[in-house]
Amino acid sequence: MLTVYHVPGTRGVRAIWLCEELGLPYAVEPVDFSPEFRSSDQWRALNPVGKVPVLRDTNKGDFVMFESGAMVQYLLDRYGNGQLQPLAGTPEHALYLQWSWFAEATFARPLGEVVNHSREFPGDQKIGAVVAEMLSRGRVCAEAVGTAIGDQPFILGDNFSAADIMLGYTLMLAERFLPEGLPATVEPYWQRLAARPAFQKSVS
Ligand SMILES: N[C@@H](CCC(=O)N[C@@H](CS)C(=O)NCC(=O)O)C(=O)O
């Protein structure tokens, strides 16, 4: 059994969305998102920095991992039968990796800091400049996605891939936190992703 330890609307969406796309059976285990629980020994044993999500795979033994992008890659490599990613070692796969890593390491990071700073320092005026700077970084990333997507349906071209799952979660954050919303160049792509039944299941 695959179990995603998850808080609704957070990065576990990526693993759930992928399981839905692949038709993999999985369970969702709700996690108490309070700082107290996340800093407990119990939770830190699963995620050493107290974040969500965590994936457990008991199909063979008992395997536990954190980092949503790594989960996506693990699930694809172990259960995907070549679906939703180009062949490893090809330039197409390099671009698949590029957009997957970009989605979390470069694009989601400033948006995540907006969330973290606003939560940790509510009402603190000094945070305004930090949040504005993070949002401007997020905006540059959203525009980069718009330029790359052009008229193609998905980030790698005609075929939906797990890189769209990685980016889709981050676009959900960007739509929520960028005051002006997503650039017009990105909006049709985001709508296309958000309309997928597997995505809708992951956020329901
Ligand atoms: N790079 C990590 C980021 C995990 C992360 O930041 N999770 C958020 C929820 S989406 C969280 O637990 N935030 C709590 C905190 O950072 O205090 C991943 O992709 O799994």
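Throughout this document, residue positions are counted from 1 along each chain, in the order its sequence is written. At least 70 in pLDDT is required for a residue's local features to be given in this predicted model, at least 80 for side-chain atom pairs to be given and counted, and no such filter applies to totals for whole chains, interfaces and linings, which use all residues. To obtain the side-chain values, all non-hydrogen atoms of the structure were used and water was disregarded.

A. Looking closely at the overall build of the protein chain. Here a strand is any run of E in DSSP of at least two residues, a helix any run of H or I of at least four, and the numbering for each starts at the N terminus. The number of helices and strands found in the protein chain is nine helices and four strands. Shown N-terminal to C-terminal, the secondary structure of the protein chain runs as helices and strands in the order β-α-β-α-α-β-β-α-α-α-α-α-α. Scaling as 2.2 N^0.38, a compact globule of 204 residues should have a C-alpha radius of gyration of about 17 Å, and the protein chain matches this with 17 Å. Here the term buried applies to any residue with accessible area under 20% of the maximum for its type, exposed to any over 50%, and partly exposed to those in between, with areas from a 1.4 Å probe on protein chains only. Taken over 204 residues, the protein chain has a buried fraction of 47%. What makes two residues a contact is simply this: any of their non-hydrogen atoms within 4.5 Å. A separation threshold of at least 6 residues defines the contact pool for the protein chain, and within that pool the share at least 24 residues apart is 61%. Within the protein chain, one finds 17 positive and 23 negative side-chain charges whose respective centroids are separated by 3 Å. The globule rule used for comparison is 2.2 Å times the number of residues to the exponent 0.38, while the radius of gyration itself is calculated over C-alpha atoms. Counted charges follow a simple rule, with Lys and Arg positive, Asp and Glu negative, and His plus the chain ends left uncounted. For this purpose, a charge sits on NZ of Lys, CZ of Arg, CG of Asp or CD of Glu.

B. Focus on the site of the ligand. The nearness test applies per residue and asks whether one of its heavy atoms lies within 4 Å of the molecule or strand. The full set close to the ligand counts 13 residues, and Lys 51, Val 52, Glu 67, Ser 68 and Glu 104 are the nearest of them. In the analysis that follows, any N or O atom pair within 3.5 Å is treated as a polar contact, provided that within protein one partner can donate a hydrogen and the other can accept it, and provided that, for residues neighboring in sequence, both atoms belong to side chains. Ser 68 is positioned with one of its side-chain polar atoms (N or O) 2.7 Å from an oxygen atom of the ligand. Contact between the ligand and Arg 119: an oxygen atom at 3.0 Å from a side-chain N or O atom of the residue. The biggest single contributor to the shell around the ligand is helix α5 (residues 91-120), with three residues. Classes in brief: Ala, Val, Leu, Ile, Met, Phe, Trp, Tyr, Cys and Pro nonpolar; Asp, Glu, Lys and Arg charged; the others, Gly included, polar. When its residues are assigned to classes, the shell around the ligand shows four nonpolar, three polar and six charged. Of the domains in this structure, domain 1 (2-79) and domain 2 (91-196) are the two that each give at least three residues to the shell around the ligand. Where each domain begins and ends is defined by an automated method or by a domain database.

C. Layout of the nonpolar core. Of all hydrophobic cores here, the largest spans 56 residues; its most connected members are Leu 75, Phe 107, Leu 167 and Tyr 189. When contributions to this core are tallied by element, the ones reaching two or more residues are β1 (2-6), α1 (12-22), α4 (68-79), α5, α6 (127-149), α7 (162-177), α8 (187-194) and α9 (197-202). Per-element accounting of this core gives the leading share, ten residues, to α7. For this core, the domains that each give at least three residues are domain 1 (2-79) and domain 2 (91-196). Setting aside anything within four residues of it in sequence, one finds Tyr 189 in contact with Val 145, Ile 149, Pro 153, Phe 154, Ile 155, Asp 164, Leu 167 and Leu 171. Take the buried residues of types Ala, Val, Leu, Ile, Met, Phe, Trp, Tyr and Cys, join any two whose side-chain atoms come within 4.5 Å, and each joined set is a nonpolar core. Membership of the second largest hydrophobic core comes to seven residues, among which are Trp 43, Leu 46, Val 52 and Val 54.

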